[in-house]
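Descriptive analysis of the structure
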Amino acid sequence: MMRGLESTGRWAREGVESLGFATRAFFNLLRYSPGAFRRPTLITEQVHFIGNYSLVITIVSGLFVGLVLGLQFYVNLIQFGAEEKLGPLTALSLVRELGPVVTALLFAGRAGTSLTAEIGLMKAGEQLTAMEMMAVNPVQRVLAPRFWGGVIAMPILATVFSAVGIIGSYLVGVKLLGLDEGAFWSQMQAGVDVNRDVLSSVIKSFVFGIAVTFTALFQGYHVKPTPADVARATTRTVVIASLLVLGLDFVMTALMFGQ
Amino acid sequence: MSNLVEIRDLHFSYGERSILSNLRMDFPRGKLIAVMGGSGCGKTTVLRLIGGQIRPQRGQVRVNGEVVNELNTAGLYRLRRRMGMLFQFGALFTDLSIFDNVAFPLREHTDLPEELIRDLVLMKLNAVGLRNAHRLKPGEISGGMARRVAVARAIALDPELIMYDEPFAGLDPISMGVTANLIRNLNDALGSTSILVSHDVNETFAIADYVYFMSAGKIVAEGTPAELRVSQDPYVKQFVNAEPDGPVPFHYPGKSLSDDLGLGGKR
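Residues numbered from 1 in each chain as written. Chains lettered and ligands numbered in written order. Predicted model: local features only at pLDDT ≥ 70, side-chain atom pairs only at ≥ 80, totals over all residues.

1. Remarks on the pairing of strand β6 (residues 83–86) of chain B
Successive residues of a regular strand alternate their side chains across the two faces of the sheet. Residues and elements named next belong to chain B. Both faces of β6 are covered, namely the face carrying M83 and M85 and the face carrying G84 and L86. Where β6 lies against strand β7 (residues 161–165), four bridges are found, and the strand directions are parallel. Bridging across to β7, G84 finds its partner in I162. (Buried ≥ 20, exposed ≤ 12 C-beta atoms within 10 Å, placed from the backbone. Helix = DSSP H or I, 4+ residues; strand = E, 2+ residues; numbered from the N terminus. Pairing = 2+ DSSP bridges.)

Okay, structure coming up:
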C-alpha cells in the first residue's frame, strides 16, 4: 500500500517536473526567437528543408485519403439521392479535420523524427557544445530557426494535403463514377466557409506545428548523447507528438465547432 | 610575466563524487602549458571549467582577470569570443563543408564581407595545410585532417587562449607529429596562450613549455618537460615510462585473486 502510494507520488512529481522543464524550455525557445527572425534566411532554409521532408508523403497520403473519401461518401450518399453533396462533405472532412490532423501525424513521423535525430546527433558529436564554446547560442542558432520552420511549414503542408485530397475525391466522384462536375464544385463552394472552416484549419495546423516541432526539438536537445538514447528519443517524439496532436484536436474542435 | 589563466583553490564534484580538489594552476601568457594524466583524472574537466561550461563548488577560475564562474551567460559569451577550443574528435558541423566550418565563427561574430571571409578562411586552412580541401565535407576527410580543420576553426577569430582537448587521440604517427608541430607553431605565430590536455608523453613533451601532472583530481607533479623526464616522483616515472604497475595499480582495487578463487583457506 505504502509502496504503491510512494511510486504514484514519485511518478506524479516526476511528471510535474518534466512538464515544468519542458515549459521553461519552450519559453526559452521563444525568448531567443527574435534573434532567429533577425536572420530570416535561417528560417526560410528550414521551411524549405522541413517542408521538403514531408512533401511527398503528404501529397501521396492526401491523394489516397481523397480517393477513399470520394468512394465511401459516394456509395453512401447515392442511397439517399444526395450524391451531389460529395464535394462539400469531402472538403469539410479534409479541411476541418483530416487535413490538419493527418498532416501533423505524418509530419511527426517524417520531419519530427529527422529533427530529433539531427539535434541528438549534433549533441552526441559535441557540435552544440562547440557552438557554445564559439559564443554562439545553439537555441538561437539551431533550435529557433528549425522551430519556426516547422511551424510555418505545417499549415502549408496541411493545405497541400486538403487540396490533393479534394482532387482525389473529384477524380473518383466525377471522373470515375460520373457525378456532375458543376454540382461537385458549386456545392463545395456553397458549403465551405472561409472563416469558419478554412481559418480554423489554418489555426489547427499552426498549433499542431508548434506541438510537433517543439516536441521533436526538445527530445533531441535533451537527449543523453548515446546512440541508444537518440534512438529512444526519436520514438518518443512520434508517440508524444501524435498524442498531443489528437488531444489538441479534440480540444480545438470543441472550442471551434462545439455548440 | 602575467598569467592569462589562474586557477585557485578549485573544487569540483558531480554529486558526491569529487573530481577536482584544491587545484592551483597558472597559465602564463604566450606559453604552451600541458595538463597530463591518466584517463578520468579530471584533465578535460579543467578545460570545461576554464570555458565556463560547468561551475565549481568552490574556488576561482580567472581568465584575463575575469572570474569565469561568476559571469552570467552574456559575460561568458563575451569571454568565449576570445577563446578557441579544439574538441577531442573535432566536433565539426557535419552538414557544412570544411570552408563553411571555418567560416562559421567569422560569419556569426563579424560583419565582414564574404570576399574577405573567403580570404581569411583560405589563409587559416593554408596554415593547417588543407586549403585545397576546402570544398570537402567532414565525412570525406580522415580523422587527422578533421582535427586540423577544427584547429583552423578554433583560430578563426585569432583567440588569446586556445584549448586543445586530447588533440592526438586516435591519430597515426604522421598526423600526430603534424598536429603537434601545428599547435606549437600556431601558439608562437599568434602570440596566444595554449592549454594542451593530453596523455601522449612524447608529443606533449616535445612542444610544451611547462607541464602539470594530474592524478585523481589533484596536481601531483609539475615542471618543464626536461625536469619531468628525470623526475623521481613514482607517478611521473610510471607515466613517462609507461610502466604497467606503480602508484596507478594495474588491477582494479578489490578482493585478491586467491580470495576470488577460494584458495585462501577458511579463516
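2. Focus on the nonpolar core
In this structure, V149 and M163 of chain B are the most contacted members of the largest nonpolar core, which totals 137 residues. Here this core takes 17 residues from helix α6 (residues 138–176) of chain A, the largest share from any one element. The residues contacting V149 of chain B, other than those within four sequence positions of it, are G90, L92, I98, N101, V102, V128 and L130 of chain B. (Core = buried A, V, L, I, M, F, W, Y, C linked by C-beta atoms within 7 Å. Contact = placed C-beta atoms within 7 Å.)

3. Brief notes about the interface of chain A and chain B
In this assembly, nine residues from chain A lie in contact with 13 residues from chain B. Residues belonging to the side of chain A that touches chain B are distributed by class as follows: five nonpolar, three polar and one charged. (Nonpolar A, V, L, I, M, F, W, Y, C, P; charged D, E, K, R; others polar.)

4. Side note on the environment of S114 of chain A
Residues and elements named next belong to chain A. For S114, the position within the fold is in helix α4 (residues 86–124). What makes S114 partly exposed here is the crowd of 18 C-beta atoms within 10 Å. Residues S114 and G191, spaced 77 residues apart in sequence, show a C-alpha to C-alpha distance of 38 Å.

5. Description of the environment of T90 of chain A
All names here are of chain A. Within the secondary structure, T90 sits in helix α4. For T90, a count of 29 C-beta atoms within 10 Å translates into the label buried. The contact partners of T90, leaving out residues within four places of it in the chain, are G66, L69, G70, F73, I166 and S169.

6. Here we look at the UniProt feature "domain: ABC transporter" (unreviewed entry) in chain B
Under the present numbering, the feature "domain: ABC transporter" (unreviewed entry) in UniProt falls on residues 5–241 of chain B. As a span, residues 5–241 of chain B carries 38% helix and 27% strand, and end to end its C-alpha atoms are 30 Å apart. (UniProt positions renumbered as here; feature names shortened; annotations may be inferred.)

7. Examining the packing of helix α5 (residues 143–154) of chain B against helix α6 (residues 173–190) of chain B
Residue and element names in this part refer to chain B. It is the contact of α5 with α6, at a shortest axis distance of 10 Å, that shows an interaxial angle of 10°. The angle between α5 and α6 falls in the class roughly parallel. From α5, G144, R147, R148 and V151 reach across to α6, where they touch S175, T179 and L182. Classifying every residue of the contact of α5 with α6 by side-chain character gives two nonpolar, three polar and two charged. (Axes fitted to C-alpha atoms, helices over the stretch in contact; angles between N-to-C directions. Parallel < 35°, antiparallel > 145°, perpendicular 65-115°, else oblique.)

8. Let's talk about the sheet that holds strand β5 (residues 66–67) of chain B
All names here are of chain B. Taken in spatial order, the four strands make up an open sheet running β2-β1-β4-β5, and their pairing is antiparallel. The open sheet has two edge strands, β2 (17–28) and β5, and neither has a second partner. As judged from the two bridges shared by strand β4 (residues 58–63) and β5, these two strands associate in the antiparallel manner. In the strand pairing of β5, R62 is matched with V67. Contacts from helix α1 (residues 43–50) reach β1 (3–14), β2 and β4 within the one sheet, and its direction differs from that of β1 by about 115°.

9. Considerations on helix α4 (residues 114–127) of chain B
It helps to recall that an α-helix has 3.6 residues per turn; residues three or four apart then point in one direction. All names here are of chain B. For α4, which comprises 14 residues, the first-to-last C-alpha distance of 20 Å matches the rise-based estimate of 20 Å (1.5 Å per residue) to within 8%. When α4 is considered as a whole, its buried residues turn out to be V121, K124 and L125. Looking straight down α4, one finds its buried side chains confined to an arc of 95°; they lie on one side. Exposed positions of α4 whose direction lies more than 90 degrees from the buried face are E115, L116, D119 and M123. In this structure, the buried residues of α4 make contact with α3 (98–109) and α5. Positive phi appears at G129, one or two residues downstream of α4, with a value of about 80°. (Expected span 1.5 Å × (residues − 1). Arc of directions from axis to C-beta.)

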